[in-house]
Amino acid sequence: MSKTIEVTSPFDGKVVGEVPFSTTQEVQEAIDLAQKTFLDHKNALPKFKRIEILENVMKIMSSQVEELTKLCASEGGKPYMDSKVEVNRAINGVQLAIEHLGAFEGKEIAMGHTASSANRMAYTFKEPIGVVAAISAFNHPFNLAVHQVIPAIAVGCPVIIKPATQTPMSAIKLVEILEEAGLPKGWAQAVVCGRDAGELLATSPKVDFLTFIGSGAVGWYLNSKVSNGTRVALEHGGVAPVIVEPDADIDAMIPDLGKGGFYHAGQVCVSVQRVYVHESICDEVATKLSNYASNLVVGDQMDPKTEVGPLINNNEVDRVEEWVNEAVQKGGKILTGGKRISASCYEPTVILNPADDALVSTKEVFGPVVIIYSYSDIDEAINRANSLEVSFQAAVFTKNIDTALNAVKRLNGTAVMVNDHTAFRVDWMPFGGAKASGLGLGGIHHSMEEMSNEKMMVIKSPVL
């Protein structure tokens, strides 16, 4: 009989569920089943059948929004109001996969324009890459599972997801919904397991594609260990920079910066963290952002009024507290917050002008902490923003189109937002980091492309 583990609420430690915990042998059996399923060509799922299943998934999820919201919030700590948004985004993600299958096509390759290619026609088409291994993170337990599992099923790949051990119930529920929707056994499996079994999943020669969302240290380690030929997509974090020019619309900007910085207690890979504000308006921006932060409702994620919930575990609160204290030792001034509220919750915090080598200036805080720095020249701000090895999403606030375009061109990042916060995302856009922040691009459409191979057919016709 398989071992089980308890899942607890990050807020108060109460048990919210129990899930099976797979051994290394059981993970190997899951991999074997996934490969066997993929190689069973007689029982491959035709595209119309996959669409039918995904449409059923949408219907089931749409009928369970409240149940899924509570499940997602209870294990992950994201406030109820934001968890409901996550579930609705997940439903839309399934719709996006269905829609993209209608545009999931190859193209004609030019032939006949050289003597060597005469009397030939060539066309490309898409094939599923094979078995997909998905290792997921805790911070969006349901929507991340959708982003890793649904594209695989859509293009015809069996998939095994290993969710974070803190938040396994959402991914398990997604697999159950897929099976209820008509997906045969073997096509989607969820395994909750330890590090060794997780490494086996990522590095098995039977795995053709690894999608990993989590810490850079683990992601790059697994990338170095995957089997030859395994395609890899990594999504790590950033230390997202924002530049605020003197002509920015401050009152319109503050709610955006606040949402981008304190959404899910800052536990977002593109959360607003480093805000570089021109010295002429720095005091005003700092005061208004601090007022915004101090008025946020912090507490139990299951309370519909809560705007900022707990961190994922109490050790993270300890770490954030240590980093904030170090920022003060390195010249930072606490404008609001700066203290733990409880074992699981930390005050929304704004810090002014800590040293550029402080931990909060160089590492991803992944907590409800936003740093403001003053600058005198935008070139200086851009250089400071670009000084780290991470490169994900960045932002600039200005009414000047030349300034905006200059910042977009020069800021390191795979996406630069103009007059919006760094955590903006919709599920059809390309999403992923560069440099230390990741490899490849996510987003429903882009993942479907990554999980496919392009095959070419060349037909030689007789000379007439």
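Parameters and conventions
- Residues numbered from 1 in each chain as written.
- Predicted model: local features only at pLDDT ≥ 70, side-chain atom pairs only at ≥ 80, totals over all residues.
- Heavy atoms only, no water.
- Axes fitted to C-alpha atoms, helices over the stretch in contact; angles between N-to-C directions.
- Helix = DSSP H or I, 4+ residues; strand = E, 2+ residues; numbered from the N terminus.
- Parallel < 35°, antiparallel > 145°, perpendicular 65-115°, else oblique.
- Left-handed = near helix turned anticlockwise from the far one by under 90°.
- Contact = heavy atoms within 4.5 Å.
- Nonpolar A, V, L, I, M, F, W, Y, C, P; charged D, E, K, R; others polar.
- Salt bridge = Lys/Arg side-chain N within 4 Å of Asp/Glu carboxyl O.
- Buried < 20%, exposed > 50% of the residue type's maximum accessible area, 1.4 Å probe, protein only.
- Polar contact = N/O pair within 3.5 Å; in protein donor to acceptor, adjacent residues only side chain to side chain.
- Core = buried A, V, L, I, M, F, W, Y, C linked by side-chain atoms within 4.5 Å.
- Arc of directions from axis to C-beta.

## Overview of the packing of helix α1 (residues 24-39) against helix α7 (residues 195-203)
For any two helices packed against each other, one specifies the crossing angle of their axes together with the interaxial distance. One way to put it is that α1 packs onto α7 with a least axis distance of 9 Å and a crossing angle of 20 degrees. On the basis of their axis angle, the class for α1 and α7 is roughly parallel. Like other packed secondary-structure pairs, α1 and α7 cross with a definite hand, here right-handed. Two secondary-structure elements touch here, α1 through T24, V27, Q28 and I31 and α7 through A197, L200 and L201. For the contact of α1 with α7, the residue count by class is five nonpolar, two polar and no charged.

## As for the pattern of salt bridges
All chains considered together, the criterion is met by 21 salt bridges. With its nearest N and O atoms 3.2 Å apart, the salt bridge here joins K173 to E67. Highlighted residues: K173 in helix α6 (residues 169-180) and E67 in helix α3 (residues 65-76), separated in sequence by 106 residues. Of the residues examined, K173 reaches a relative accessible area of 17% and is grouped as buried. Taking the relative accessible area as the measure of exposure, E67 reaches 45% and is therefore partly exposed. Residue E380 is joined to R384 by a salt bridge in which the shortest nitrogen-to-oxygen separation is 3.0 Å.

## Some remarks on the side chain of S391
Its place among the elements puts S391 in strand β15 (residues 390-391). Within the local environment of S391, its side chain forms a polar contact with the backbone nitrogen of G413, the two atoms lying 3.0 Å apart. Setting aside anything within four residues of it in sequence, one finds S391 in contact with N412, G413, T414, G433, A434, K435 and S437.

## A closer look at the nonpolar core
Inside soluble globular proteins, nonpolar side chains tend to come together where they are buried. Ranked by internal contacts, the top residues of the largest apolar core, which has 62 residues, are I243, V244, V275 and I372. Per-element accounting of this core gives the leading share, six residues, to strand β14 (residues 369-375). L96, I129, I153 and I161 belong to the second largest nonpolar core, which has 48 residues in total.

## Focus: unusual backbone geometry
Notably, H264 is not glycine yet its phi reads approximately 50 degrees, a positive angle. Its place among the elements puts H264 in the loop between α9 (250-262) and β11 (274-278). Residue classification places H264 among the buried residues on the basis of a relative accessible area of 0%.

## Re helix α13 (residues 378-385)
I378, A381, I382, R384 and A385 are the residues of α13 that are buried. Each buried residue of α13 lies within a common arc of 165 degrees when the element is viewed along its axis, so the set occupies one face. For α13, the elements touching its buried residues are β10 (241-244), β11, β14 and α14 (401-410). Structurally, the start of α13 carries an N-cap: the backbone nitrogen of D379 is 2.9 Å from a side-chain oxygen of D377.

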